[in-house]
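Coordinate analysis (summary)
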Amino acid sequence: MTEKAISIVGTGYVGLCTAVGFASKGYKVVASTHDSEKAKLINEGTPPFFEPGLEELLRKVVKKGWLRCVLDREEAVTNSGLTIISVSTPSEPDGSINLRFIKRSAREIGEALHKKDAYHLVVVKSTVVPGTSENLVKPIVENSSGKRCGADFGLCMNPEFLREGAALYDTLHPDRIIIGEYDEKSGSTLEKLYRDFLVEDMPPTVRTSLSAAELIKYANNAFLATKISFINTIANICEKIPAADVGTVAKAIGLDERINPLFLNAGLGYGGSCLPKDVKALIAFCRGLDYVPILLKAAEDVNNTQPYRAIELAKEHIGGLKDKRVAVLGLAFKPNTDDMREAVSVKVINKLLEEGAKVVAYDPKAIVNARHIFGDKIEYANSSTECLKNAECCIVVTEWEEFKQLEPKDFVGQMKTPLVIDGRRIYDQREFSRKLNFAGIGLSAQGSYPSSI
Ligand code: UGA
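Here the structure is a predicted model, which is why all the values come from computation and not from measurement.

On to the overall build of the protein chain, then. Helix and strand counts for the protein chain stand at 19 helices and 14 strands. A globule of 453 residues ought to have a C-alpha radius of gyration of about 22 Å, and the protein chain, at 24 Å, matches this closely. Considered along the principal axes of its C-alpha atoms, the protein chain spans approximately 75 × 50 × 40 Å. Summarising the internal contacts of the protein chain: among those between residues at least 6 apart in sequence, 75% fall at separations of at least 24.

Core analysis: the largest hydrophobic core is formed by 64 residues, its most contacted members being Leu329, Leu352, Ile395, Phe411, Ile421 and Tyr427. The element best represented in this core is helix 14 (residues 344-354), accounting for 5 residues. When sequence neighbours within four positions are dropped, the list of residues in contact with Phe411 reads Leu329, Leu388, Cys394, Leu406, Pro418, Val420, Tyr427, Phe432 and Leu436. Membership of the second largest hydrophobic core comes to 40 residues, among which are Tyr13, Ile84, Leu190 and Phe197.

Moving on: the packing of helix 9 (residues 210-238) against helix 12 (residues 294-305). Close contact between helix 9 and helix 12 brings their axes to 9 Å; oriented N to C, the two are set at 55°. By the angle class used here, helix 9 and helix 12 are oblique. Every pair of crossing elements has a handedness; the one defined by helix 9 and helix 12 is left-handed. Only Leu295, Leu296, Ala299, Val302 and Asn303 of helix 12 make contact with helix 9, whose side of the interface consists of Ala222, Thr226, Ser229, Asn232 and Thr233. Looking at the contact of helix 9 with helix 12 residue by residue, the classes come out as 5 nonpolar, 5 polar and no charged.

Around the ligand, the structure places 21 residues, and the nearest of them are Phe161, Leu162, Glu164, Lys217 and Asn221. Leu162 places a main-chain nitrogen or oxygen 2.7 Å from an oxygen atom of the ligand. Arg424 is positioned with one of its side-chain polar atoms (N or O) 3.4 Å from an oxygen atom of the ligand. Starting from 720 Å² of accessible surface for the ligand in isolation, the protein chains cover 92%. Listed by contribution, the elements that provide at least two residues to the shell around the ligand are helix 9 and helix 11 (275-288). At 4 residues, the largest contribution of residues to the shell around the ligand is made by helix 9.

Tracing the chain through its elements places Val246 in helix 10 (residues 246-254). Separated by 14 residues in sequence, Val246 and Asn232 place their C-alpha atoms 8.5 Å apart. If near-sequence neighbours (up to four positions away) are discounted, Val246 is found in contact with Ile231, Ile234, Ala235, Cys238, Ala266, Arg425, Ile441 and Gly442.

Now for unusual backbone geometry. A positive phi angle, near 60°, is found at Asp290, a position not held by glycine. In this structure, Asp290 sits in the loop between helix 11 and helix 12. With phi around 55°, Glu342 is a residue other than glycine that occupies positive phi space.

Relative to the helices and strands, Ser345 resides in helix 14. The buried category is assigned to Ser345, whose relative accessible area is 1%. Separated by 2.7 Å, the side chain of Ser345 and the backbone oxygen of Leu331 make a polar contact. Each residue touching Ser345, except ones within four places of it in the same chain, is listed here: Gly330, Leu331, Met340, Phe374 and Val397.

Assignment of secondary structure puts Pro203 in the loop between helix 8 (184-198) and strand 8 (205-208). Along the chain, Pro203 and Ser229 lie 26 residues apart, while their C-alpha atoms are 29 Å from each other. Ignoring any residue separated from it by four or fewer positions in sequence, one finds Pro203 in contact with Pro174, Asp175, Arg176, Ile177 and Leu198.

For the rest of this paragraph, the subject is the sheet that holds strand 12 (residues 393-396). Paired through their backbone hydrogen bonds, the strands of a sheet run either parallel or antiparallel. Read across the sheet, 6 strands follow the order 11-10-9-12-13-14 without closing on themselves; strand pairing throughout is parallel. Only two strands of the sheet have a single partner each, and these edge strands are strand 11 (379-380) and strand 14 (437-440). Across 5 bridges, the pairing between strand 9 (residues 325-329) and strand 10 (residues 358-362) is parallel. Each residue of the ladder has a partner; that of Arg325, found in strand 10, is Lys358.

Quick look at the packing of aromatic side chains now. The description of an aromatic ring pair uses the distance of the two centres, along with the angle that the planes make with each other. The final tally for this structure, using the stated rule, is 11 aromatic pairs. Geometrically, the ring pair formed by Phe22 and Tyr194 is tilted, given 6.2 Å between the ring centres and 50° between the ring planes. Of the two residues, Phe22 sits in helix 1 (residues 13-24) while Tyr194 sits in helix 8, which places them 172 residues apart along the sequence. Three or more aromatic residues link up through ring pairs in this structure, and these residues are Phe22, Tyr27, Tyr194 and Phe197. The positively charged end of Lys4 is found above the aromatic ring belonging to Tyr27, 4.5 Å away from the centroid. Residue placement shows Arg176 over the ring face of Phe161; its charged tip is 3.8 Å from the ring centre.

One pass over the full model with this rule turns up 31 salt bridges. In this structure, Glu142 engages Lys138 in a salt bridge whose closest nitrogen and oxygen atoms are separated by 3.7 Å. You can see Glu142 and its partner Lys138 sitting in helix 6 (residues 132-145), 4 residues apart, about one turn around the helix. By relative accessible area, which is 18% here, Glu142 ends up buried. On the accessibility criterion, Lys138 (16% relative accessible area) is buried. Arg341 is the partner of Glu164 in a salt bridge, and the nearest nitrogen-oxygen pair spans 3.6 Å.

A regular strand places its side chains on the two faces of the sheet in alternate fashion. With 5 of 5 residues buried, strand 5 (residues 120-124) lies mostly within the body of the structure. Across the two faces of strand 5 the burial is the same, with His120, Val122 and Val124 and Leu121 and Val123 all buried. Note: strand 4 (residues 82-85) against strand 5, 4 bridges, orientation parallel. The partner of Thr83 across the bridge, within strand 5, is Val122.

Thresholds applied
Residues numbered from 1 in each chain as written. Predicted model: local features only at pLDDT ≥ 70, side-chain atom pairs only at ≥ 80, totals over all residues. Heavy atoms only, no water. Helix = DSSP H or I, 4+ residues; strand = E, 2+ residues; numbered from the N terminus. Rg over C-alpha atoms; globule rule 2.2 N^0.38 Å. Contact = heavy atoms within 4.5 Å. Core = buried A, V, L, I, M, F, W, Y, C linked by side-chain atoms within 4.5 Å. Buried < 20%, exposed > 50% of the residue type's maximum accessible area, 1.4 Å probe, protein only. Axes fitted to C-alpha atoms, helices over the stretch in contact; angles between N-to-C directions. Parallel < 35°, antiparallel > 145°, perpendicular 65-115°, else oblique. Left-handed = near helix turned anticlockwise from the far one by under 90°. Nonpolar A, V, L, I, M, F, W, Y, C, P; charged D, E, K, R; others polar. Near = heavy atom within 4 Å. Polar contact = N/O pair within 3.5 Å; in protein donor to acceptor, adjacent residues only side chain to side chain. Areas by Shrake-Rupley, 256 points an atom, 1.4 Å probe, with all protein chains shown as cover. Pairing = 2+ DSSP bridges. Phe/Tyr/Trp six-rings, centres within 6.5 Å; stacked < 30°, edge-to-face > 60°. Lys NZ or Arg CZ within 6 Å of the ring centre and 35° of its normal. Salt bridge = Lys/Arg side-chain N within 4 Å of Asp/Glu carboxyl O.

Spelled out as structure tokens, the structure:
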């Protein structure tokens, strides 16, 4: 086995993109999953989910024999010098993290290491709460392998920051590498791998303790979530006063280098498999520390109610929604993905149904996933034009590029009563307001100042 052989446990976004990323640079990668359907698809060069650019690169590396997917952890581990754990860490009903897949992976890696003589590096890439690598993964691998961490095998915690929709780019061009290390040898082994993998693209590297690396991941996502809830709070204020647009406010404060313009897009809130789950998990983790993270709870509260602003805006314009035909543009939690985990669209549509509306929805990629969630409770359209046909209100939930291309005449031409609620602020308020009924997040309507002014 060569230094360039690595194994990856878990084939979700992070696992598969990491596997394909390393394989694309000539590493021999063995990915492993317990899902035989998934393994079959991957070995045929077909990603089990949509991610831009992934299919093409996966096909190439599978064809070249640089990546294969197996069901047997032992085969993966013994054929490599390093194993990356990137299994999912779902939420418990109380928001705390569920570590069952981490435990199982650690045990299986340990059992494989039992049969191996050479030094092996175990790398935890999954998002796990502080203490997990040292207090859970290390003892499980030690017990099931009969070997000692630091002597026979090494241990690192190496969080990732890749974004769905740009996952491959982020894998190949990370903005930083965080290495939490059990000991110097573990950290240096992993840093060497990244230097070899990224060469001149090697970004700044932070080497730290296992638990600090675990916290860095949560701090990162919690900060992003807080930034979004902050700008949504400002958006809600804009809606209540005259002549204010949160876009202008965001642009202006974003010019302050200490704030920066990114992640200041006001809208219907954050969704996805990471931000909501990680904020919840960090809050739950703090319970065990007997600390109440008020700021994080506030960010979460703002996000829980923000999707409903779309419904309130619709009702302000057309009164009740009972029996009204409402077109929902966008189902995925963000553009360029088919992922609907914690998608804002789910909250919006459920509320519309509760209000008695007839919902017709369209998304360029997520219809298949939407059918699993809503079944025949809503109608599905094959295009935005079909979706808008005879609708009395349209809510834009996801900012897909193709929705940005729509013009007022596209809505006026199809809808029964053209009312557009721009939940992602993709349209020009002045242009749209002239030609149809229009409302958007963070745009003042007929607001007034408090009586004290
Ligand atoms: C997020 C982080 O951005 C990644 O760095 C991290 O690696 C990943 O989680 C993870 O932990 O695996 P992702 O979930 O792919 O990535 O999506 P984001 O681009 O962060 O968007 C999350 C949500 O925030 C989306 O619903 C998006 O619409 C919303 N958002 C984002 C806003 O409402 N406003 C913004 O300005 C930006």
